[in-house]
Amino acid sequence: MKNQNILLLLLCAMGVSLVTACKKSFLDATPPNQVSSSSVNTLEGLQDILNNCFEQMVDAGGHYYQWFDLVNEDVRSDNSFDGKTDNNSNEAVTQCDNFTDNATTSDPRGWTELYGMIGTCNLLIDVASNPSSDPKLTDSAKNQMVASAKFLRAFHYFNLVKAYGGVVMTLHTYSADTAVRIARSSVADCYKQIVADLTDAISVLPDTYPNVVNQHTRATKPAAQALLAKVYAQEND
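Along each chain, residue indices are assigned from 1 in the same order as the chain's sequence is written. Note on the predicted model: pLDDT of at least 70 is required for a residue's local features to be given, and 80 or more for side-chain atom pairs to be given and counted; whole-chain, interface and lining totals, by contrast, use all residues. Side-chain descriptors were evaluated using all non-hydrogen atoms of the structure, hydrogens and water having been removed beforehand.

### Structural notes on the packing of aromatic side chains
And then number 1: Stacked, tilted and edge-to-face are the three classes assigned to paired rings of Phe, Tyr and Trp, where Trp is represented by its six-membered ring and a pair needs centres within 6.5 Å; plane angles under 30 degrees give stacked, over 60 edge-to-face, the rest tilted. A complete count under the given rule lists two aromatic pairs for this structure.
And then number 2: Only Lys NZ and Arg CZ are tested; either one counts as a charge over a ring when it is within 6 Å of the ring centre and within 35 degrees of the ring normal. Lying across the ring of F158, K162 places its NZ or CZ 4.5 Å from the centre.

What follows is the structure, encoded as structure tokens:
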């Protein structure tokens, strides 16, 4: 009995030690996938975010710019047709072609993907607004990447406004709870922000980039100027 009591006390002591150790070394450990803004506010970190901004346009889950942009604009305008036959029917595309789609029947992925791409642009802009300890991150490099993000953000919002009218303008990274409480902006205010982003981008972006592979799809001043011209042509002012 005495030996059993000693064993029980030892097990209890070990349990207390394990709980204490867990509190200090396991439960309080920093999650390995948690990234602080300071850790990405470097030349390499901002370049990675900007690369993601462009990559999302090619593969954002549902391929908005390869598919939904075609349906929402070209099919509606009769530049393209829905391809409906007796044996090949896509009801969602047909509804877009006939302007009979609505909030219940239309595919929501265009909306969600555009806001996902806008969120990545906002992340870069917010991170870059903080001081950086990276000596390689010059003001010129930072400003150019922010200008690229603003160009892309304006492009995405322009597509949202053309499709939905006034939308929620998220210009920073928010928690999900905060984001859903932001009021919808008027069409005029949306265009005002789009013009402001493009004007900022035009003042910073270069006319061209060095002829290297990883610079072939970057935002340029002429591209921003061309988009701004389209915005002015679309706007009802």
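Here the narrative resumes, following the displayed structure.
### Some remarks on the packing of helix α3 (residues 43-58) against helix α7 (residues 139-164)
And then number 1: Between α3 and α7, whose axes approach to 11 Å, the crossing angle comes to 20°. By the angle class used here, α3 and α7 are roughly parallel. Judged by the twist between their axes, the crossing of α3 over α7 is left-handed. The segment α3 lies against α7, with L43, L46, Q47, L50, C53, F54 and M57 engaging A141, K142, M145, S148, A149, L152, F155 and H156.
And then number 2: Any residue that is not Ala, Val, Leu, Ile, Met, Phe, Trp, Tyr, Cys, Pro, Asp, Glu, Lys or Arg is counted as polar, Gly included; the first ten are nonpolar and the last four charged. For the contact of α3 with α7, the residue count by class is eleven nonpolar, three polar and one charged. Only C-alpha atoms enter the line fits that serve as axes; for helices the fit covers just the stretch in contact. Angles between N-to-C directions range over 0 to 180 degrees. Labels follow the DSSP assignment, with helices taken as runs of H or I lasting at least four residues and strands as runs of E lasting at least two, numbered in each case from the N terminus. Throughout this description, any angle smaller than 35 degrees is read as roughly parallel, any larger than 145 degrees as roughly antiparallel, any in the 65 to 115 degree range as roughly perpendicular, and the remainder as oblique. By convention the crossing between two helices is left-handed if the near helix lies anticlockwise of the far one by an angle smaller than a right angle, and right-handed if it lies clockwise. Every residue pair with non-hydrogen atoms within 4.5 Å of one another is taken to be in contact.

### Quick look at α7
And then number 1: A helix is expected to span 1.5 Å for every residue after the first. The end-to-end C-alpha separation of α7 is 37 Å, in line with the 38 Å expected for 26 residues at 1.5 Å each.
And then number 2: G165 sits one or two residues past α7 and shows a positive phi near 80°.

### Details of helix α10 (residues 221-234)
Structural remark: α-helix, 3.6 residues per turn; residues separated by three or four positions point the same way.
And then number 1: With 14 residues, α10 should reach 20 Å at 1.5 Å per residue; the first-to-last C-alpha distance of 20 Å fits that figure.
And then number 2: A 1.4 Å probe rolled over the protein chains alone gives each residue an accessible area, and that area as a share of the maximum for its type sets the label: buried under 20%, exposed over 50%, partly exposed in between. Those residues of α10 that sit buried are A224, L227, L228 and V231. Looking down the long axis of α10, one finds its buried residues gathered within 105° of arc, a one-sided arrangement. Exposed residues lying more than 90 degrees from the buried face of α10 are K230 and A233.
And then number 3: Lining the buried residues of α10 we find α7 and α9 (187-204). To obtain the arc, one takes the directions from the helix axis to the C-beta atoms.

### Comments concerning the nonpolar core
And then number 1: F151 and I194 are the most contacted members of the largest nonpolar core, which has 47 residues in total.
And then number 2: Contributing elements (two or more residues each) for this core: α3, α4 (64-77), α6 (109-128), α7, α9 and α10.
And then number 3: The leading source of residues in this core is α7, at eleven residues. Each nonpolar core is a collection of buried residues, namely Ala, Val, Leu, Ile, Met, Phe, Trp, Tyr and Cys, held together in the definition by side-chain atoms within 4.5 Å.

### A word on the pattern of salt bridges
And then number 1: When a carboxyl oxygen of Asp or Glu lies within 4 Å of a side-chain nitrogen of Lys or Arg, that pair is called a salt bridge. For the coordinates displayed, the defined rule picks out two salt bridges.
And then number 2: In this structure, the salt-bridge partner of K150 is D200, at a minimum N-O distance of 3.0 Å. Here the residue K150 occupies a position in helix α7, and D200 occupies one in helix α9, the gap between them amounting to 50 residues.
And then number 3: A residue is classified by how much of its surface remains accessible, and K150, at 18% relative accessible area, is buried.
And then number 4: Note that R153 is salt-bridged to D197, the shortest N-O span being 2.8 Å. Here R153 is found in helix α7, whereas its partner D197 is found in helix α9, with 44 residues between them in sequence.
And then number 5: For D197, a relative accessible area of 2% puts it in the buried group.

These figures capture arrangement, not role.
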